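# Descriptive analysis of the structure
Spelled out from the first residue to the last, the chains are:
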Amino acid sequence: MNWLKVFAALLIVMLGILSCKEIPVNIGDPLIPESDKIVLIEELTGASCPNCPKGNIISENIISTFPGKVAVVAIHGDFLAQPIEGKSKYDFRNQKAKDLENWFKPWYGKPAASINRTRTNDDQEPFAISRSDLWQSVVEKELQKPHVLNILLASGYNETDRNIELDITAIPIVHLEGSYNISIFLTESEIIDAQSNGSEYIDNYEHNHVLMDMLTGFDGDSFGHDLKANDLIKRKYTYTLPLRAGLFNPDHMEFIVMISRNDPGDRTVIQAAYISVKG
Amino acid sequence: MNKGIVILLLQFVINLSLYTQDRGVFSGAFDTNANIFLRDSSINAINTPQYDHQFFGGEAWLNLNYTINGLTIGARFDMFNNSNLRNPTGSFSGLGIGRWYVKKKLNKLEISAGYLYDQIGSGFIFRAFETRPLFIDNAIYGVSAKYDLGKSWHVMGFVGRQKNAFETYTGNIKGVRLEGFHSCGDENPITLAPGIGFVNRTISDENMDNVVNAIRTYQQEDRFNPNHNAYSATFYNTLTYKTVSFYSEVAFKSADIFYNPFALKAELVGVSLGKLEQKKGSVFYGSLTYAAGNIGITTEAKRTENFNFRIDPNLQLIRGLVNYLVPLNRQNTYRLTARYSPAAQDISEMAFSLDIKYKLSKALSVGLNYSDINTLEGDRLFKEVFTEVVYKHQRKWQLTSGIQFLTYNQEVYEMKTEVPLVKTITPYLDVLYKFTPSRALRTELQYMNTKQDFGSWLFGLFEYSIPSGWIFETSAMYNVVPKKANSKGVIEKTLYPTLGVILVNDAQRYSLRYVKQVEGIVCSGGICRLEPAFSGIRFNLNTTF
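Figured I'd write up the structure that's included with this text. (Residues numbered from 1 in each chain as written. Chains lettered and ligands numbered in written order. Predicted model: local features only at pLDDT ≥ 70, side-chain atom pairs only at ≥ 80, totals over all residues. Heavy atoms only, no water.)

## Concerning the overall build of chain B
Filter applied, for reference: For the purposes of this entry, the term helix denotes a DSSP run of H or I that reaches at least four residues, the term strand denotes a run of E that reaches at least two, and both are numbered from the N terminus. Each radius of gyration is computed over the set of C-alpha atoms, and the globule rule expresses the reference value as 2.2 Å times the number of residues to the power 0.38. Only protein chains enter the area calculation, which uses a 1.4 Å probe; residues under 20% of their type maximum are buried, those over 50% are exposed, and those in between are partly exposed.
Along its length, chain B carries 4 helices and 32 strands. Whereas a compact globule of 545 residues would reach a radius of gyration of roughly 24 Å, chain B reaches 25 Å, a difference of no more than 12%. The principal-axis extent of the C-alpha atoms belonging to chain B is close to 75 × 60 × 60 Å. For chain B, the proportion of its 545 residues judged to be buried stands at 52%.

## A short note on a positive patch on the surface
Put simply, the rule is: Residues form patches when they are more than 30% accessible in relative terms and have no salt bridge. Like charges link within 9 Å. Nonpolar side chains (Val, Leu, Ile, Met, Phe, Trp, Tyr) link within 5 Å. The method behind every accessible area is Shrake-Rupley, applied with a 1.4 Å probe, and residues are considered shielded solely by the protein chains displayed. In what follows, salt bridge is the name for a side-chain nitrogen of Lys or Arg lying within 4 Å of a carboxyl oxygen of Asp or Glu. Note on charges: Lys and Arg go in the positive column, Asp and Glu in the negative column, and His and the chain ends are not counted at all. Positions of charges follow a simple convention, taking NZ of Lys, CZ of Arg, CG of Asp or CD of Glu.
On the surface, B:K359, B:K362, B:K392, B:R395 and B:K434 cluster together to form a positively charged patch. Locating B:K392 in the fold gives a position in strand β22 (residues 380-393).

## Observations regarding the state of the cysteines
Covalently bonding the sulfur atom of one cysteine to the sulfur atom of another cysteine gives a disulfide. Residues and elements named next belong to chain A. Basically, it comes down to this: Count a disulfide wherever a pair of cysteine sulfur atoms falls within 2.5 Å.
This model, assessed by the stated rule, comprises 1 disulfide over all chains. Note on cysteine connectivity: C49 is disulfide-linked to C52, with sulfurs 2.1 Å apart. Where C49 bonds to C52 through sulfur, the torsion about that S-S bond is close to 80°, and the disulfide is right-handed. The class for C49 is buried, based on a relative accessible area of 1%. Looking at C52, the relative accessible area reads 0%, which means it is buried.

## Some points on unusual backbone geometry
All names here are of chain A. Cis peptide bonds are those with omega within 30 degrees of zero, and the linkage from K105 to P106 qualifies with 5°. As for its placement among the helices and strands, P106 is situated in the loop between α3 (95-103) and β3 (112-115). In the segment running from K110 into P111, the intervening peptide bond is cis, with an omega of 0°. Structurally, the position occupied by P111 is in the loop between α3 and β3. The residue N116 is not glycine, and still its phi comes out positive at about 55°. Turning to its location among the elements, N116 is positioned in the loop between β3 and β4 (128-129). Among the residues examined, N116 registers a relative accessible area of 0% and is labelled buried.

## Some remarks on the interface of chain B and chain A
Heads up, the condition is: Working rule for contacts: check all heavy atoms of both residues, and any pair within 4.5 Å makes them a contact. By definition, the buried area sums, over both parts, the 1.4 Å-probe accessible area that each loses when the two are put together. What qualifies as a polar contact is a pair of N or O atoms within 3.5 Å, subject to a donor-acceptor requirement within protein and to the restriction that residues adjacent in sequence count only when both atoms come from side chains. All amino acids are sorted into three groups, where Ala, Val, Leu, Ile, Met, Phe, Trp, Tyr, Cys and Pro are nonpolar, Asp, Glu, Lys and Arg are charged, and the leftover types, Gly among them, are polar.
Residue-level contacts link 56 residues of chain B with 50 residues of chain A. Carbon and sulfur atoms supply 58% of the area that chain B and chain A bury against each other, a total of about 4500 Å² over both sides. Summed over the shared surface of chain B and chain A, the number is 2 salt bridges. In this structure, A:D122 and B:R319 form a salt bridge, with 3.3 Å as the shortest nitrogen-oxygen distance. One can count 12 residue pairs in polar contact (both at pLDDT 80 or more) joining chain B with chain A. Contributing elements (two or more residues each) for the side of chain B that touches chain A: β13 (172-180), β15 (190-202), α3 (205-216), β16 (229-241), β17 (244-266) and β18 (271-292) of chain B. Among the elements that take part in the side of chain B that touches chain A, α3(B) stands out by supplying 8 residues, more than any other. Residue classes in the side of chain B that touches chain A are distributed as 26 nonpolar, 20 polar and 10 charged.

## Structural notes on the packing of aromatic side chains
Residues and elements named next belong to chain B. Condition: Planes of paired rings set the category: under 30 degrees apart is stacked, over 60 is edge-to-face and the rest tilted, where pairs are Phe, Tyr or Trp rings (Trp by its six-membered ring) whose centres lie within 6.5 Å. Charge-over-ring placement is defined geometrically: NZ (Lys) or CZ (Arg) within 6 Å of the ring centre, and within 35 degrees of the ring normal.
Scanning the entire structure with this criterion turns up 31 aromatic pairs over all chains. Note on Y334 and Y428: the rings are 5.1 Å apart at their centroids and 35° apart in plane angle, and the pair reads as tilted. Of this pair, Y334 sits in the loop between β19 (295-305) and β20 (348-359) while Y428 sits in strand β24 (residues 422-436); the two residues are 94 residues apart in sequence, bridging distant segments of the chain. Residue classification places Y334 among the buried positions, given a relative accessible area of 12%. Members of the aromatic cluster, each reached through a chain of ring pairs, are W61, F80, F92, F135 and F166. Note that R127 overlies the ring of Y324, its terminal NZ or CZ placed 4.3 Å from the centroid. In this structure, R538 packs its charged tip against the face of F534, placed 3.9 Å from the ring centre.

## Concerning the sheet that holds strand β12 (residues 233-240) of chain A
Residue and element names in this part refer to chain A. Using the following cut-off: Paired strands, in this sense, are two strands between which DSSP finds at least two bridges. Fitted lines through C-alpha atoms serve as axes, helices being fitted only where they are in contact, and the angles separating the N-to-C directions of these axes extend from 0 to 180 degrees.
If you trace the 3 strands from one edge of the open sheet to the other, you get β5-β6-β12, paired in antiparallel fashion. Strands at the two margins of the open sheet, each flanked by one partner only, are β5 (149-158) and β12. Direction aside, the axes of adjacent strands within the sheet are offset by 15° on average.

## Thoughts on the pattern of salt bridges
Residue and element names in this part refer to chain B. Evaluated as defined, the whole model comprises 40 salt bridges over all chains. One salt bridge in this structure joins D137 and R76, with 2.7 Å as the shortest N-O distance. Of this pair, D137 sits in strand β9 (residues 136-137) while R76 sits in strand β3 (residues 71-83), and the two are 61 residues apart along the sequence. The pair formed by D137 and R76 is uniform in burial state, with each residue classed as buried. Linking K302 and E349 is a salt bridge whose minimum nitrogen-to-oxygen distance equals 3.2 Å. Within this pair, whereas K302 is found in strand β19, its partner E349 is found in strand β20, the two being separated by 47 residues in sequence. Relative accessible area serves as the criterion here: at 1%, K302 is assigned to the buried category. On the basis of relative accessibility, which here comes to 3%, the residue E349 falls in the buried class.

Nothing here speaks to function; it is geometry throughout.
Dropping the structure here:
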C-alpha cells in the first residue's frame, strides 16, 4: 500500500535523524577579570515571595565568585513584599523601594535583578531579569567592560546622635561625555525575620542588603555633565539613622554609591562603590 | 516588511479578480476590547501602569480572508494599546500586521506560506495556535506543503520560526505529519484513523548562549552538555467500532533542555529550587468513548513526564510553547465552578477523567464528571466531582443544577507558600425562563463553600434579553466568609459587582460592562495563568462578515 510505504520511509528518516550526534558545546568556568570595576545588582525581592530566597542565594554566590567587585541592593517594593501575617516582625517596604521597583517595570516576576541597569534584549523585561541563573553571566560581561571611573568613599558615624557623614570623591579615568546621576543606597544586613520559601516559611531567615532608605532621589541626583579625566569631583551627604527597634543597626549597615548615565534611553551604571556606615 | 507583503498580496488579488470570471469569496472578523482602569486598593487593583497613569488599555484584531480559484490569502491587523494581556502586571503597546498567509491548492499538492496555524495529533509534539485572552499566538512563520496520497491519506511538512508578538523567536522548527483514514469494509464496522508526526526544534546560537551562561554558574553535579536539537515523535490512532471510539496517542521527546521549577539545584552552600535540565520526555494518552441511545460515556487517561517543549528553553510560563498538553479536567463555565482550574503540568502529571451523560427522558438528563490529577510521585494536584441535572419544561423554561466537589493544589498551580489544598463544595443553579421565543430571563446562583484561600463566595446573575437584541445583565460575587486580608491589611467582606449591557445585531455583538473582578486563574484549555484583580469598565465588540 502506498501510504504504508510512506509511513515506513518517514519512520526510517526519523530514526536516522535521531541517531545524529552533535558536537558538544564548550562550557567554561566564570571569568574573573583584573579590574577595579564594581558592578551593581539591584535585586527585586520580597518577604512574601516564595522564589526570592533562590535569588538571594544567587546574589551571594555572585559576591563570593567575584569578591569585592559586586554590590547588592535588595529592593523590597510592593509585589510580594508585604510582611507575612503572624510571622514577620518587620516591614521592609519603603517609598523609595516601591518607586524603584516600579521604575524597573515591566518584569515577569520575582526574583528579578537589574545588573548595572543595562538593557536586556527582551522588551517585556527591559532592565530586570527574572531568570536568576542568568544574572552571573551579565555581571561577568559588565566586569569585562572598561573601568572608567573611580569612586572613593569615607563614612563617619557619630554614636551619640546617630548622625553619619558620607564623603564621596569621584575621579574619571577617561573623559566621560554626557550627563551623570548619583544614587546613594543605605542597606542593612543580618536582619533575622520570616521569609516565604517555596512551599514553606522560614521564621529565622537572614535578610541581607535590604534597602532601608536612599540619600538621593530614588532615580538619583544630578552628578554632572561631561566629566573630565582626572578631575576630583566631591560630594558630601549627611544622614541620621532613625531609631526603630531591631532595625537601622549601624554595625550591619552599608552605603552603596553608584554613578550612572542620565541620557534618554541609557541609564547604565558606570561604577559602584560600597562602605560600611561606620567606615 | 509585513506591510509590504500584504500590499503585494492585495495587488496580486485585485489583478487576478480582474482577469478571471470568479469574483472569489471575501470574509473577515473584527474583535476589540477596550478597558478603562479604575484604581481600587481594596481589591488590589493597583500598582500596574494602567491603574497608576495610563488609565486606558485595549486590543483590536481585524482579520481578512479572500479565496479565489483555489488560492486563499489572508491578513490580520493587530493592535495593542497599553494592553495587559501580554503581561498582566505590565503594559504592552504595538500595532501592525499580526498575520498574513497565502495558500494554494495545486491538484494533490497544497502549499502555504506566511504565519500558519496547524497541529499534529492532539498537539503533544506540535500545535501552532492562537488564544487571545492569554496573548498566545504561536503561529509558525514559514512554509508548509501538504500532499494527498489518495482519497484519505495525506502527508504534510512545515518549516519556520515561532511568532513572538510582531517578531519571531530565534530558533527553527520543522516537522512532518502523515495521517489518514482506513475502513475495514462494509461488513466489518471497524475504522482506523492513524497518524504519525515528527518535529525537530533547533535552538539558536543566541539562546544557546543563555543556556550555557546559566549552566556555567551551576555546580558540577548539575551541569550537562546541552544539545541544540530536540526531536519529538508521536504516534496516534482513532479506532472506531460501532458505538465505541478509542483514541490513543504516545509521544516521545529526545533529551531536551527545559527549566524545571521543582528540581533541586546545588549551590555553594545548600540547595535552591529550579534549574535547567536536559532529559527525555514522554506523554501517553488514551480516550475511550461510548455513545448509544440515551447514554454517553467518555473516559480519559494521560501520563506526562518531562514534556516541556519550547522554542527557547530560557522562556517560562506560557511563552514559546511548541506543543499543547490536552487538559483532562472538565472545562467549567460557571463563575465559581471555574474559579480553580488546573493548568496541565508538563513535568510530572498522571491524570484520569470520567464523564457520563444519561438522558432519562426528553425533558430530563443527568451528568457526572470525575477528574483526578496527581504528580507521578503521587502528590495530589486536583480532584473534581461535578454533577449536572438538566430539566427542560416544554420550551418555556429550563433548569440546570448540580454540585461540584473540588480539591486544588494552590502551592503547585499558583506557587503559593504554605497554603493547604483548597477544598470547595459548590452547588449551582441556572434557570432560563422564556416569556416569548426572544424575551427571556436567565438567573444563576452559586455558592462556594471553602475554608481556604479567599474563603467562601456567593455569586448571583440576572440576564434579561429582549427581542430587539438587547441583553441587560447584572451579577455580583460576594466574599461572604472572607479569609484573606486585602491590601489595607483588613479581612473584610467584599462585593465584586458587574453591571452590563449587550447588543446582538446579526453577526455583531457589542458589550459594555462595569466590572470588579477578583484575582484568579484564567485558563484556556490546559494553559492557565494568574490574573490580578480588575476594576473598571470594559467594552467589547466582535463581528464577522
